[in-house]
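Summary of structural features
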Amino acid sequence: MKLEIKDAPGQLVAALKPISEVGGNIIAVIHQRDEKQRGGFLSVQIVLELPENRLKDLTRLIREQGVNIQRIGHERLLYQKAVMVIGHLIHTDLGDTVDRIDRTGFAEVTELNISMPAISQVSSARLLIKSVNKEDMEQAMAILRRVAKEKEFLLVEPLEEVE
Amino acid sequence: MRVALLGMGSVGRGVLQMIGEKDLGITVTAVADSRSALIDRDGISIEEVLAAKARNGFCGDKAISAMDVVTGSAYDVLVEVTPTNATTGEPALTHMLCALERGRHVVTSNKGPISREFSRLREIAVEKGIQLRYEATVGGAIPIMHTLEQGLAGNRVLAIFGVLNGTCNFILTRMAAEGLTYEQALLEAREMGYAEADPTYDVKGIDPAIKLVILANTFCSHSVSLEDVDITGIDRLTNDALRLAEEQQCTIRLIAEAIPDRGILRVAPRLLPLSHPLVVEGTLNAITIETDMAGEITLIGKGAGSVETASAIIGDLLYIRDTHAGRHSKTA
Ligand SMILES: NC(=O)c1ccc[n+]([C@@H]2O[C@H](COP(=O)([O-])OP(=O)(O)OC[C@H]3O[C@@H](n4cnc5c(N)ncnc54)[C@H](OP(=O)(O)O)[C@@H]3O)[C@@H](O)[C@H]2O)c1
């Protein structure tokens, strides 16, 4: 994210404060003092990790501080999505199910929580999938939907608002 | 305003009771159940007909039928609250078509004809310059139609998300709260009278899909049918899945979703944060609408019940009274 803020004391702090409020994690703050800015504006680039769906809140909070956002670089955001999968996960090669996502190279299953009752019964699992951007996440989800259909899993996806 | 009422079940009796108790300017000139009917152009006594129904199991004269009421009695609005047939829409479809052809307004809670034959019914209503209203078909007491049509007039609907089936929501709530299995929670829903003897329509997601079709046809496009909805029910969910969701401050709800721009029409169990406005408890319903001007609005309320459903029907009746004041009221 690249922020344009007023060159006045306290402005940088005002811009950073909302990030922790929405549970974000600041990775780097880069000042660009040498760049010529109109009317005494100072440009600061902030690289950060954000929990899912909090970008709207964050931009609103930052703007409320009187800080002007120049550009939002989505590619720097880490996308993650938790999904639930129910079915005969073990009998249908769980390793393969996970690998179908991992071997894309652009998305991976970073957490797997599984609950297995009796041998013949279906098991339930929570998968955390991460990707670099939204498009990759959508492709990963499409793969998962195909796998779910093929292996007769019930796939429970998160509900997301339209943007 | 004169009203003829078909169906004296839970909803029909609720409507009669409220018309009887409140001074709404509504006169009931005919009622019918499956076996009998009663017609009085000067207004029937609501107390008496409710008592007769309770006493005898039928409401009036067995020589008169519901169709006699539709075609032969004097009324301004037909209130159609007979049972839903999701396949043919009958007998309600015929009742409604006859009333509309006669130039009479129709108010209904019956999802069958509205989801099956919406464009046909609507065309006749438009042609005759009369009202076809069906607030009670979706979300029970929640005034979703009024909210979108009047309150949000001029807005473009970007998305609709809804918890539209109280039975499923009750089952999911109980599975999450008590760790019940799906079968145990379904059994409990039956014992509480929330689930039918054959719960297929609810738990397979067909009932909420029918309601989604009604919403989509009204607010998104006019030519959607049940076959266009991608439907997954709740009957394969496990309490383990709900527990795993809860570990992440999430839960699972059966969500009906329409996003017109992306061609999405879907009913499926979905993961939602516990703090999400659509995560309502028990048999409640909830609907989030997202429009271009207003942004997001969520309505929460009782999705069924005698008086609750009557509330939606009476809302429709009074809307017609106020917008078509005196249109037919002086004809004998
Ligand atoms: N209950 C709710 O909370 C609720 C909520 C929203 C929508 N709805 C819808 O509202 C409608 C009515 O529901 P309900 O719960 O009141 O149903 P219900 O209790 O089963 O009552 C249905 C009534 O319709 C009568 N009937 C059946 N066939 C008829 C016919 N051919 N002509 C005239 N009357 C006929 C029945 O007569 P008998 O009394 O002689 O059997 C009964 O009085 C249904 O379409 C339902 O899907 C219900």
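Residues numbered from 1 in each chain as written. Chains lettered and ligands numbered in written order. Predicted model: local features only at pLDDT ≥ 70, side-chain atom pairs only at ≥ 80, totals over all residues. Heavy atoms only, no water.

A separate point is the nonpolar core. Among soluble globular proteins, nonpolar side chains are generally buried collectively. All names here are of chain B. Judged by nonpolar contacts, the single largest core of 79 residues is most densely connected at Ile 144, Ile 171, Ile 234 and Leu 237. Top element by residues in this core is helix α11 (residues 206–219). It accounts for eight residues. Counting 30 residues, the second-largest nonpolar core is a separate cluster that includes Met 18, Ile 26, Cys 59 and Val 107. (Core = buried A, V, L, I, M, F, W, Y, C linked by side-chain atoms within 4.5 Å. Buried < 20%, exposed > 50% of the residue type's maximum accessible area, 1.4 Å probe, protein only. Helix = DSSP H or I, 4+ residues; strand = E, 2+ residues; numbered from the N terminus.)

For the rest of this paragraph, the subject is the site of the ligand. All names here are of chain B. Near the ligand there are 22 residues, and of these Ser 34, Lys 53, Thr 84, Ser 109 and Gly 305 occur at the shortest range. Between the ligand and Thr 84 there is a distance of 2.7 Å, counted from an oxygen atom to a side-chain nitrogen or oxygen. Interatomic distance of 2.7 Å between a backbone N/O atom of Gly 305 and an oxygen atom of the ligand. In isolation the ligand exposes 900 Å². Once the protein is present, 74% of that is buried. In terms of residue class, the shell around the ligand is built from eight nonpolar, 11 polar and three charged. (Near = heavy atom within 4 Å. Polar contact = N/O pair within 3.5 Å; in protein donor to acceptor, adjacent residues only side chain to side chain. Areas by Shrake-Rupley, 256 points an atom, 1.4 Å probe, with all protein chains shown as cover. Nonpolar A, V, L, I, M, F, W, Y, C, P; charged D, E, K, R; others polar.)

Okay, the interface of chain A and chain B next. Across the boundary between the two partners, chain A contributes 21 residues, which contact 27 residues of chain B. For the chain A and chain B pair, buried surface summed over both sides reaches about 2000 Å², with 58% attributable to carbon and sulfur atoms. Between chain A and chain B we count two salt bridges in total. The salt bridge partner of Arg266(B) is Glu157(A), with a shortest N-O separation of 3.8 Å. Linking chain A with chain B are nine residue pairs in polar contact (both at pLDDT 80 or more). Elements represented by at least two residues in the side of chain A that touches chain B include exactly β5 (79–87), β6 (107–115), β7 (123–131) and β8 (154–158) of chain A. Classifying every residue of the side of chain A that touches chain B gives 13 nonpolar, three polar and five charged. (Contact = heavy atoms within 4.5 Å. Buried area = accessible area lost by both parts, 1.4 Å probe. Salt bridge = Lys/Arg side-chain N within 4 Å of Asp/Glu carboxyl O.)

A few words now on the domain arrangement of chain B. All names here are of chain B. According to the domain assignment, chain B contains domain 1 (2–140 + 307–328) and domain 2 (153–302). For domain 1 versus domain 2, the separation of C-alpha centres amounts to 28 Å. At the interface, 15 residues of domain 1 touch 16 residues of domain 2. Between domain 1 and domain 2 lies a buried interface of about 1300 Å² when both sides are counted; carbon and sulfur atoms form 65% of it. Sorting the residues of domain 1 by area buried against domain 2 places Lys 111, Ser 115 and Val 138 first, and these three jointly supply 36% of that buried surface. Between domain 1 and domain 2 we count two salt bridges in total. The residue Glu 227 makes a salt bridge to Arg 116 at a minimum N-O spacing of 3.7 Å. The tally of links between domain 1 and domain 2 comes to one residue pair in polar contact (both at pLDDT 80 or more). (Domains from an automatic or database assignment.)

The next point concerns unusual backbone geometry. For the bond from Glu90(B) to Pro91(B), the omega torsion is 0°, close enough to zero to count as cis. Positionally, Pro91(B) belongs in the loop between β4 (77–80) and α4 (92–101). Positive phi is not limited to glycine here, since Asp93(A) has a value of about 65°. Locating Asp93(A) in the fold gives a position in the loop between β5 and α3 (94–102). With a relative accessible area of 44%, Asp93(A) lands in the partly exposed category. Despite not being glycine, Glu152(A) shows a phi value in the positive range, around 55°.

A separate point is the layout of surface pockets. Once rolled over the atoms, a probe with the size of a water molecule shows which space is left empty. Residue and element names in this part refer to chain B. When its volume is computed, the second largest pocket comes out at roughly 1200 Å³. Along the wall of the second largest pocket there are 42 residues; nearest its centre are Lys 111, Glu 196, Asp 207, Lys 211 and Ala 304. Its residues assigned to classes, the lining of the second largest pocket comprises 13 nonpolar, 21 polar and eight charged. (1 Å grid on protein atoms, 1.4 Å probe; cavity = no way out; pocket = protein on both sides within 12 Å on 5 of 7 lines; lining within 4 Å. Points joined across faces, edges and corners; volume = space filled by probe spheres on them.)

Residues and elements named next belong to chain B. Mapping Arg 133 onto the fold places it in strand β6 (residues 132–133). Take Arg 133: its relative accessible area is 6%, and that puts it in the buried class. Among the polar contacts listed, one links the side chain of Arg 133 to the side chain of Gln 131, at a separation of 3.3 Å. Apart from the residues lying within four places of it in its own chain, the contact partners of Arg 133 are Val 106, Val 107, Thr 108, His 146, Glu 149, Gln 150, Asp 316, Tyr 319 and Ile 320.

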